Amino acid sequence: MSQVSLQMRLASEAMFVGAVAVYGYCFFVYNVVILGRVMARLHDDALCVLLPLRVVFNTVWLLASWSFLRARYSDPGRLPEAWREFVLESGPKLPIAPAR
């Protein structure tokens, strides 16, 4: 493995850890700090108020986390070999419009 690819791999992993930390921080702050401490003190009947808020936020949070992890670990795909052959054969004949 070359030094550049190792550095890119480490940078990629650092960004992933940072993103997971942000997701975890949002989860903790909303569920523990906002709902657990602040909202519970503001409302006498806290369960009726906090349960729907907790369910909605955690559902959206779970879907966002799932989407992030699926995007992180999915294969980005590759160009098929037929496309490469097409470009090599008809490359100079392809019309290219000038930029506006």
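Here is a short report on the structure shown in this document.

Within the secondary structure layout, Asn-31 lies in helix H1 (residues 3-42). At a separation of 2.9 Å, a polar atom in the side chain of Asn-31 contacts the side chain of Asn-58. Setting aside its immediate chain neighbours within four residues, Asn-31 contacts Gly-36, Arg-54, Phe-57 and Asn-58.

Moving on, we get to the environment of Val-17. With respect to the secondary-structure elements, Val-17 resides in helix H1. Separated by 33 residues in sequence, Val-17 and Leu-50 have C-alpha atoms that sit 30 Å apart.

So, about a nonpolar patch on the surface. Taken together, the side chains of Leu-79, Trp-83, Phe-86, Val-87 and Leu-94 make up a nonpolar region of the molecular surface, amounting to roughly 450 Å² of accessible area. With relative accessibility at 37%, the residue Phe-86 sits in the partly exposed group.

Further remarks concern the packing of aromatic side chains. The final tally for this structure, using the stated rule, is six aromatic pairs. Aromatic pair Phe-16 and Tyr-73: ring centres 5.9 Å apart, planes at 75°, arrangement edge-to-face. Of the two residues, Phe-16 sits in helix H1 while Tyr-73 sits in helix H2 (residues 46-73), which places them 57 residues apart along the sequence. Here Phe-16 falls in the buried class, since its relative accessible area comes to 14%. Its end group placed over the ring of Tyr-73, Arg-72 keeps NZ or CZ at 5.3 Å from the ring centre.

What counts, and where the lines are drawn
Residues numbered from 1 in each chain as written. Predicted model: local features only at pLDDT ≥ 70, side-chain atom pairs only at ≥ 80, totals over all residues. Heavy atoms only, no water. Helix = DSSP H or I, 4+ residues; strand = E, 2+ residues; numbered from the N terminus. Polar contact = N/O pair within 3.5 Å; in protein donor to acceptor, adjacent residues only side chain to side chain. Contact = heavy atoms within 4.5 Å. Patch = residues over 30% accessible without salt bridge, like charges linked within 9 Å, V, L, I, M, F, W, Y side chains within 5 Å. Areas by Shrake-Rupley, 256 points an atom, 1.4 Å probe, with all protein chains shown as cover. Salt bridge = Lys/Arg side-chain N within 4 Å of Asp/Glu carboxyl O. Buried < 20%, exposed > 50% of the residue type's maximum accessible area, 1.4 Å probe, protein only. Phe/Tyr/Trp six-rings, centres within 6.5 Å; stacked < 30°, edge-to-face > 60°. Lys NZ or Arg CZ within 6 Å of the ring centre and 35° of its normal.

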